[in-house]
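So the chains spell out like this:
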Amino acid sequence: MTIINDQNYPNLDKLLWVMDKLRDPDDGCPWDLRQSFKTIVPFTLEEAYEVADAIETGTPEEIREELGDLLFQVVFYAKLGKEQALFDFEDIAATMAEKLIRRHPHVFGEKVFTEQEVKANWEAEKARERAQKSTGNSSVLDNIPQALPSLTRAAKIQKRCANVGFDWPDTQGVFAKIQEEILEVQQELNQPQINQQALEEEVGDLLFATVNLARKLKKDPETLLRAANNKFERRFRAVEQHFAESDTSLEQSTLEQMETVWQQVKQADKAD
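Residues numbered from 1 in each chain as written. Predicted model: local features only at pLDDT ≥ 70, side-chain atom pairs only at ≥ 80, totals over all residues. Heavy atoms only, no water.

Engineer: How do you make sense of a nonpolar patch on the surface when you look at a structure like this?
Structural biologist: Residues V140, L141, V164 and F166 make up a contiguous nonpolar surface patch of roughly 380 Å² in combined accessible area. For V164, the position within the fold is in the loop between α9 (150-163) and α10 (171-189). Classification of V164 as exposed rests on a relative accessible area of 54%. (Patch = residues over 30% accessible without salt bridge, like charges linked within 9 Å, V, L, I, M, F, W, Y side chains within 5 Å. Areas by Shrake-Rupley, 256 points an atom, 1.4 Å probe, with all protein chains shown as cover. Salt bridge = Lys/Arg side-chain N within 4 Å of Asp/Glu carboxyl O. Helix = DSSP H or I, 4+ residues; strand = E, 2+ residues; numbered from the N terminus. Buried < 20%, exposed > 50% of the residue type's maximum accessible area, 1.4 Å probe, protein only.)

Engineer: Just to check I follow, could you spell out the packing of aromatic side chains for this structure?
Structural biologist: The way to describe two aromatic rings as a pair is by their centre distance and the angle between their planes. One pass over the full model with this rule turns up 6 aromatic pairs. Geometrically, the ring pair formed by F72 and F76 is edge-to-face, given 5.8 Å between the ring centres and 70 degrees between the ring planes. Remark: F76 and F72 occur in helix α5 (residues 60-83); sequence separation between them is 4 residues, near one turn of the helix. Ring geometry for F232 and W262: centres 5.1 Å apart, planes at 45 degrees, overall tilted. Here F232 is found in helix α12 (residues 221-245), whereas its partner W262 is found in helix α13 (residues 255-271), with 30 residues between them in sequence. Under the relative-accessibility criterion, W262 is labelled buried at 18%. Three or more aromatic residues joined by ring pairs make a cluster, and in this case those are F37, Y77 and F87. (Phe/Tyr/Trp six-rings, centres within 6.5 Å; stacked < 30°, edge-to-face > 60°.)

Engineer: In this structure, what is going on with the packing of α9 against α12? I would like to understand it.
Structural biologist: The relative placement of two packed helices is expressed as an angle between their axes plus a distance between the axes. In the contact formed by α9 and α12, the axes pass within 8 Å of each other and the chain directions differ by 150 degrees. Accordingly, the angle class assigned to the pair α9 and α12 is roughly antiparallel. Residue-level contacts link L151, T152 and A155 of α9 to P221, E222 and L225 of α12. A class-by-class count of the residues in the contact of α9 with α12 yields 4 nonpolar, 1 polar and 1 charged. (Axes fitted to C-alpha atoms, helices over the stretch in contact; angles between N-to-C directions. Parallel < 35°, antiparallel > 145°, perpendicular 65-115°, else oblique. Contact = heavy atoms within 4.5 Å. Nonpolar A, V, L, I, M, F, W, Y, C, P; charged D, E, K, R; others polar.)

Engineer: Please explain α13 as it appears in this structure.
Structural biologist: Residues spaced three or four apart along an α-helix face the same direction, because each turn holds 3.6 residues. The end-to-end C-alpha distance of α13 is 24 Å, a good match for the 24 Å that 17 residues give at a rise of 1.5 Å each. Among the residues of α13, V261, W262, V265 and D269 are the ones counted as buried. All buried residues of α13 fall inside an arc of 110 degrees around its axis, so they share one side. In α13, those exposed residues whose orientation departs by more than 90 degrees from the buried face are E256, K270 and A271. (Expected span 1.5 Å × (residues − 1). Arc of directions from axis to C-beta.)

Engineer: Any chance you could explain the pattern of salt bridges here in plain terms?
Structural biologist: Two side chains with opposite charge may pair up if their charged atoms get near one another. Counting across every chain of the model gives 11 salt bridges. Of the charged contacts in the structure, one is a salt bridge between R102 and E98, with a shortest N-O distance of 2.4 Å. Of the two residues, R102 and E98 both sit in helix α6 (residues 89-103), 4 residues apart, roughly one turn of that helix. Among the ionic pairs, D269 bridges to R234, the shortest N-O distance being 2.8 Å.

Geometric descriptors of this kind do not, in isolation, establish any biological role.
Structure follows, in structure tokens:
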């Protein structure tokens, strides 16, 4: 136990040592001992989102703490891999370092690359890596994780297709596609008897086309929607506060009254 109190002990080694103790078969933590690769995935995803939240709204101390929580997830996977003789933390770090060096010849090589050449090399290297991992008929869409948030995954699918030329030359084509998808949603809604499966498909197509607009504008759709969520929440809370100060609940108010206050809050928010 003296390692924990040794201020000169490398902090990363200390963290790996803590992980070893948590997974000790005799004296470890019962919860940590029950975990597997699959069971800690939800915690990894949660920690990644908490890092994003801290970067958006937190202090440097909160960001540091959340990054530590995320790092611990990697350490946990490394420990599980070591126990099963698959890999350890050193293997993970070595693989990452080698990949970054390979993907950045403009940094670690002698040749000077233009920005376009850097991008082309990056995509070519990633394509080569995907081809190496492929066990059958390969596709440019291979290895896009199913577990990604749907907005992020849609953007990655579209980017992969764009890299091989399957893309509109400018935003006009994207706008036309969005308008087309809106009309198709309206057509489904105007049917005498709405086909719910068809309606869901058309709304999904509309969302996919909107993601394409964000990608075409070089914006991350997940970040944009998170910001929109935060903006809506901030404004709606202000509407709630307005009615609370008037001793009136939202349930007692009409839609017209709420809309009037919403527009007032919106204008005040834009003015700030």
